[in-house]
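One letter stands for each residue in the lines below.
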Amino acid sequence: MHLNLQFHLKILHIIQILSLIISSSAPRAATHWKLQQQPNGETLVLPAEEDFAKVASEDPVLSILLAEKYGFGPDGVKTENAEKEGECVKCENDEDLIVLEDDDDPLHCKGRADDCVYDVLVGVLHRMYHPYMPEPEVSLIFKRSEAEEIDLNILEYNLREALQLEPNSLAVLNQVGNFWRVKGATSLAVECFRRALVIDPEHPDVLLNLARVLFNLEYNSDALLLAVESLRQKGPGQNAWLQHFTLGEIHQAMSHHEDATHHFRQVLDLNPNFQPAERHLHRLADSGSYNANLYTLGIIIALFCLVFVVLYLVTEVMAKRSKGKGPRVPGGPGSDSRIRGLKGKRGSSC
């Protein structure tokens, strides 16, 4: 009994020590939130403005989240970008990707332009509804070497300056479209490539870049048409391995394996060290052998079923014939005539 009492006292002592430790540690989030009544009468749980600087100093990640979600600046005061009626504030990148009809930013390629011959394509027609899809590998276009780092802010500034100086330059419009591909603004990329094609509908590089964008968005038929046209516009002395590679990927996605194999082999003829084409050919070869095995197995199963059906029919026919040729019963029809014939033969012989 005495031992049990000592044990319980030790447990209580440990619990008291733990409670003192917990109470001495300042809570990090509970004191930074309170109910605040909005001008429209709604009551929301929001961070206390007087504690925002403390939050920023103690937990910078939380301060970033608060600034993005609730529109609070570094001084704890709501910024002008804060939405009303409880709507969330769009991040700065998303706002940059919104294309407005009255947009005057030259990089958005929304200037006055005539109809493009490719506006009939579904992927071009619905360009305003394309999703956000970054293509970081496209940044290689802007690099002089693989080790070079690209500052997108500087690149954006330079492209804006170039486009203001030469608004109808095909090279600049093509580069602006590729810049938006890196950023993921597919709608703006299509818009810039479209504007370039208004100036020159037969430019092979612009056609190919637009085909890549639409292919990534799974507009395979549109991408195929553009890539074929890009290959057709390539001169006889120009290396068209990239056109063949794009066509190979499109045909592979459309399950046109023979056409895909043909284009990937063309790629290796023009660019023998291009490993992605080799990998695609290996996959196509593996899928071809797998399909051949399935085809062979299907033929074997079909032949087995045919033999089984034939044997079944032959067995049924033989069973019916055996039933028709059953043993004759004595005294049956015709037995009397045969007996009389036998007696007549005996009488004549006597």
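Note that the structure is a prediction, hence the values are computed from the model and not measured.

### Let's talk about the overall build of the protein
Thinking step 1. In terms of regular secondary structure, the protein is built from 14 helices and two strands.
Thinking step 2. In the protein, the share of contacts with a sequence separation of at least 24, taken over all contacts with a separation of at least 6, comes to 52%.

### With respect to the packing of helix H10 (residues 220–233) against helix H11 (residues 241–253)
Thinking step 1. Between H10 and H11, whose axes approach to 10 Å, the crossing angle comes to 155°. The angle between the axes of H10 and H11 places the two elements in the roughly antiparallel class. Read as a crossing pair, H10 and H11 show a hand that is left-handed. Contact residues: Asn-220, Ala-223, Leu-224, Ala-227, Val-228, Ser-230 and Leu-231 in H10; Gln-243, His-244, Thr-246, Leu-247, Ile-250, His-251 and Ala-253 in H11.
Thinking step 2. Residue composition of the contact of H10 with H11, grouped by class: eight nonpolar, six polar and no charged.

### What about the packing of aromatic side chains?
Thinking step 1. Applying the stated criterion across every chain yields a total of four aromatic pairs.
Thinking step 2. For the pair Phe-245 and Phe-264, a centre-to-centre distance of 5.8 Å together with 55° between the ring planes defines the contact as tilted. A residue pair is termed long-range when its members are at least 10 positions apart, and Phe-245 in helix H11 and Phe-264 in helix H12 (residues 257–270) qualify at 19 residues. For the residue pair Phe-245 and Phe-264, the accessibility class agrees, reading buried in each case.
Thinking step 3. Among the aromatic residues, those joined into a cluster by ring pairs are Trp-241, Phe-245, Phe-264 and Phe-274.

### Here's the deal with the pattern of salt bridges
Thinking step 1. Applying the stated criterion across every chain, the model contains nine salt bridges.
Thinking step 2. Measuring nitrogen to oxygen at the nearest pair gives 2.6 Å for the salt bridge that ties Glu-249 to Arg-212. Taken together, the residues Glu-249 in helix H11 and Arg-212 in helix H9 (residues 204–216) connect sequence positions 37 residues apart.
Thinking step 3. Because the salt bridges share partners, they merge into one network encompassing Asp-119, Arg-127, Glu-191 and Arg-194.

### A word on the state of the cysteines
Thinking step 1. Overall, the coordinates contain one disulfide when judged by the stated rule.
Thinking step 2. Each sulfur in the disulfide pair Cys-109 and Cys-192 lies 2.0 Å from the other. The disulfide joining Cys-109 to Cys-192 has a torsion of about 95° about its S-S bond and is therefore right-handed. Here Cys-109 is found in the loop between helix H4 (92–97) and helix H5 (122–125), whereas its partner Cys-192 is found in helix H8 (residues 186–199), with 83 residues between them in sequence. For the residue pair Cys-109 and Cys-192, the accessibility class agrees, reading buried in each case.

### Some words on the packing of H8 against H9
Thinking step 1. In contact at an axis separation of 10 Å, H8 and H9 are set at 155° when each is read in the N-to-C sense. The angle between H8 and H9 places the two elements in the roughly antiparallel class. Where H8 crosses over H9, the two elements pack in a sense that is left-handed. Along the contact surface, H8 presents Thr-186, Val-190, Phe-193, Ala-196 and Leu-197, while H9 presents Val-206, Leu-207, Asn-209, Leu-210, Val-213 and Leu-214.

### Some points on unusual backbone geometry
Thinking step 1. Backbone geometry places Glu-218, a non-glycine residue, at a positive phi of 70°.
Thinking step 2. Considering the arrangement of structural elements, one finds Glu-218 in the loop between H9 and H10.
Thinking step 3. Overall, Glu-218 belongs to the exposed group, its relative accessible area being 68%.
Thinking step 4. A positive phi angle, close to 65°, is found at Ser-255, a residue other than glycine.
Thinking step 5. Inspection of the secondary structure puts Ser-255 in the loop between H11 and H12.

### Focus: the layout of surface pockets
Thinking step 1. Of the voids in this model, the largest pocket is the one considered here, and its volume is about 760 Å³.
Thinking step 2. Around the largest pocket sit 26 residues that line it, and Glu-137, Val-138, Ile-141, Trp-241 and Leu-242 are the ones nearest its centre.
Thinking step 3. Among the elements that make up the lining of the largest pocket, the one with the highest residue count is H11 (six residues).
Thinking step 4. Here the lining of the largest pocket is composed, by residue class, of ten nonpolar, eight polar and eight charged.

About the thresholds
Residues numbered from 1 in each chain as written. Predicted model: local features only at pLDDT ≥ 70, side-chain atom pairs only at ≥ 80, totals over all residues. Heavy atoms only, no water. Helix = DSSP H or I, 4+ residues; strand = E, 2+ residues; numbered from the N terminus. Contact = heavy atoms within 4.5 Å. Axes fitted to C-alpha atoms, helices over the stretch in contact; angles between N-to-C directions. Parallel < 35°, antiparallel > 145°, perpendicular 65-115°, else oblique. Left-handed = near helix turned anticlockwise from the far one by under 90°. Nonpolar A, V, L, I, M, F, W, Y, C, P; charged D, E, K, R; others polar. Phe/Tyr/Trp six-rings, centres within 6.5 Å; stacked < 30°, edge-to-face > 60°. Buried < 20%, exposed > 50% of the residue type's maximum accessible area, 1.4 Å probe, protein only. Salt bridge = Lys/Arg side-chain N within 4 Å of Asp/Glu carboxyl O. Disulfide = S-S within 2.5 Å. 1 Å grid on protein atoms, 1.4 Å probe; cavity = no way out; pocket = protein on both sides within 12 Å on 5 of 7 lines; lining within 4 Å. Points joined across faces, edges and corners; volume = space filled by probe spheres on them.

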